[in-house]
Amino acid sequence: MGQGADDVPVIYLHEIRRRYIQGEAPLTVLDGVKLALWAGQSVALVAPSGSGKSTLLHIAGLLESPDEGEVYVAGAPTSQLTDGERTNIRRTDIGFVYQSHRLLPEFTALENVMLPQMIRGLKRRETIKRATEILSYLGLGERVTHRPAELSGGEQQRVAIARAVANAPRCLLADEPTGNLDPGTAEHVFHALMQLVKATRVAMLIATHNMELAGRMDRRVSLVDGKVVELD
Ligand code: ADP
Ligand code: MG
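Figured I'd write up the structure that's included with this text.

### A closer look at the sheet that holds strand β2 (residues 25–37)
Either a parallel or an antiparallel arrangement is found when strands of a sheet pair, and the pairing is made through backbone hydrogen bonds. One open sheet accounts for four strands, arranged β2-β1-β4-β5; its pairing is antiparallel. Each having just a single partner strand, β2 and β5 (76–77) make up the two edges of the open sheet. Where strand β1 (residues 11–22) lies against strand β4 (residues 68–73), five bridges are found, and the strand directions are antiparallel. Looking across to β4, one finds that Arg17 is bridged to Glu68.

Shown next as structure tokens:
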């Protein structure tokens, strides 16, 4: 792991096809998607609702399987892996952030960030140390004992980001992470994401409708007729 990491995309989607059956008619959402995500690079995925952004993120994150094509993680194909092997890659290599924070309401911020590490089998003491560090790094050092309901929308989303990077993933996938936030709060959350790309060299793909934020990322892509096209 990690050797020659920069020569190989962190995630490479090759000729991905995905169709859904809606009623009688099949709907082809992704129709030959090719996309490479690189360490330390932030990519904005800007496309209209219904164009397949969430589908693409779910496939890149091994949450959903394509009908055709291959998802490579750090150069290794994933289509022939068992469910258990895919789950392991998801736990260690991929972080996911959703539009709503999806934190566990009965747990504190700290516990929410500890959980993915504990599931991976790290010792409780290590998980506390790392969760505290990440939350402090994201400006939440004073909020570790708060439950989600006691946090603002922006704080909740930053805890969700901390949880997503708790296991130091190679790739961070964010599905409209600022979509529910007012502009000032969105800025704060966006800043947290960009800070992590710089500090950890994680590869980041953010689906967003926010052109201003997209303009500040390293690269912009869209989905047109089920294919990824580069913008600019
Ligand atoms: P976006 O995130 O860009 O809004 P999605 O990836 O969520 O787009 O959806 C793309 C299209 O696929 C939409 O038309 C949606 O209705 C359809 N779709 C998504 N998931 C399913 C599913 N599980 N079953 C049937 N159709 C789906
Ligand atoms: Mg979506």
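### Let's talk about the pattern of salt bridges
Opposite charge on two side chains permits them to pair, given that their charged atoms come into close proximity. Going through the model one piece at a time under the given rule, you end up with 15 salt bridges. The shortest N-O distance in the salt bridge between Asp31 and Lys227 comes to 3.9 Å. Separated by 196 residues along the polypeptide, Asp31 in strand β2 and Lys227 in strand β10 (residues 227–230) bring together distant segments of the chain. What makes Asp31 partly exposed here is its relative accessible area of 27%. According to the relative accessible area criterion, Lys227 is partly exposed, its value standing at 38%. Between Glu155 and Arg143 there is a salt bridge; the shortest N-O distance is 2.9 Å.

### Describing the packing of helix α5 (residues 153–164) against helix α6 (residues 183–200)
With their axes 9 Å apart at the nearest point, α5 and α6 run at an angle of 20° to one another. Comparing their axes, α6 and α5 come out roughly parallel. Here α5 runs over α6; the crossing is right-handed. Along the contact surface, α5 presents Gly153, Gly154, Gln157, Arg158 and Ile161, while α6 presents Thr185, His188, Val189, Ala192, Leu193 and Leu196. Each residue belonging to the contact of α5 with α6 can be placed in one class, and the counts come to five nonpolar, five polar and one charged.

### Structural notes on the site of ligand 1
Taken together, Tyr20, Gln22, Leu27, Val29, Pro48, Ser49, Gly50, Ser51, Gly52, Lys53, Ser54 and Thr55 make up all the residues around ligand 1. In the environment of ligand 1, an oxygen atom lies 2.7 Å from a nitrogen or oxygen atom belonging to the backbone of Gly50. Coverage of ligand 1 by the protein chains reaches 63% of its 560 Å² of free accessible surface. Elements with a minimum of two residues in the shell around ligand 1: β1, β2 and α1 (53–60). For the shell around ligand 1, the element with the most residues is α1, which contributes three residues. Grouping the constituent residues of the shell around ligand 1 by class yields four nonpolar, seven polar and one charged.

### Quick notes on the environment of Pro116
Within the secondary structure, Pro116 is located in helix α3 (residues 109–119). Using a relative accessible area of 18% as the deciding quantity, one classes Pro116 as buried. Between the C-alpha atom of Pro116 and that of Thr208, which follows or precedes it by 92 residues, the distance is 25 Å. Residue contacts for Pro116: discarding those within four places in its chain leaves Arg163, Ala166 and Asn167.

### Describing the packing of α3 against helix α4 (residues 124–137)
One can describe the packing of α3 onto α4 by two numbers: an axis separation of 8 Å at closest approach and a directional angle of 125°. Between α3 and α4, the angle is such that the two are oblique. Our pair here, α3 against α4, has a crossing hand that is right-handed. In this structure, α3 uses Ala109, Leu110, Val113, Met114, Gln117 and Met118 to contact α4, whose residues at the interface are Arg124, Glu126, Thr127, Ile128, Arg130, Ala131, Thr132 and Leu135. Split into classes, the residues belonging to the contact of α3 with α4 amount to eight nonpolar, three polar and three charged.

### As for the environment of Thr78
Along the chain, the position of Thr78 falls in the loop between β5 and α2 (83–93). Judged by relative accessible area, Thr78 falls into the buried class, the value being 2%. Thr78 sits 13 residues away from Ser65 along the chain, and the two C-alpha atoms are 9.6 Å apart. Ignoring anything within four residues of it in the chain, the contact list for Thr78 reads Leu62, Glu70, Val71, Val73, Arg86 and Ile89. Among the polar contacts listed, one links the side chain of Thr78 to the backbone oxygen of Val71, at a separation of 2.7 Å.

Basis of the calculations
- Residues numbered from 1 in each chain as written.
- Chains lettered and ligands numbered in written order.
- Predicted model: local features only at pLDDT ≥ 70, side-chain atom pairs only at ≥ 80, totals over all residues.
- Heavy atoms only, no water.
- Pairing = 2+ DSSP bridges.
- Helix = DSSP H or I, 4+ residues; strand = E, 2+ residues; numbered from the N terminus.
- Salt bridge = Lys/Arg side-chain N within 4 Å of Asp/Glu carboxyl O.
- Buried < 20%, exposed > 50% of the residue type's maximum accessible area, 1.4 Å probe, protein only.
- Axes fitted to C-alpha atoms, helices over the stretch in contact; angles between N-to-C directions.
- Parallel < 35°, antiparallel > 145°, perpendicular 65-115°, else oblique.
- Left-handed = near helix turned anticlockwise from the far one by under 90°.
- Contact = heavy atoms within 4.5 Å.
- Nonpolar A, V, L, I, M, F, W, Y, C, P; charged D, E, K, R; others polar.
- Near = heavy atom within 4 Å.
- Polar contact = N/O pair within 3.5 Å; in protein donor to acceptor, adjacent residues only side chain to side chain.
- Areas by Shrake-Rupley, 256 points an atom, 1.4 Å probe, with all protein chains shown as cover.

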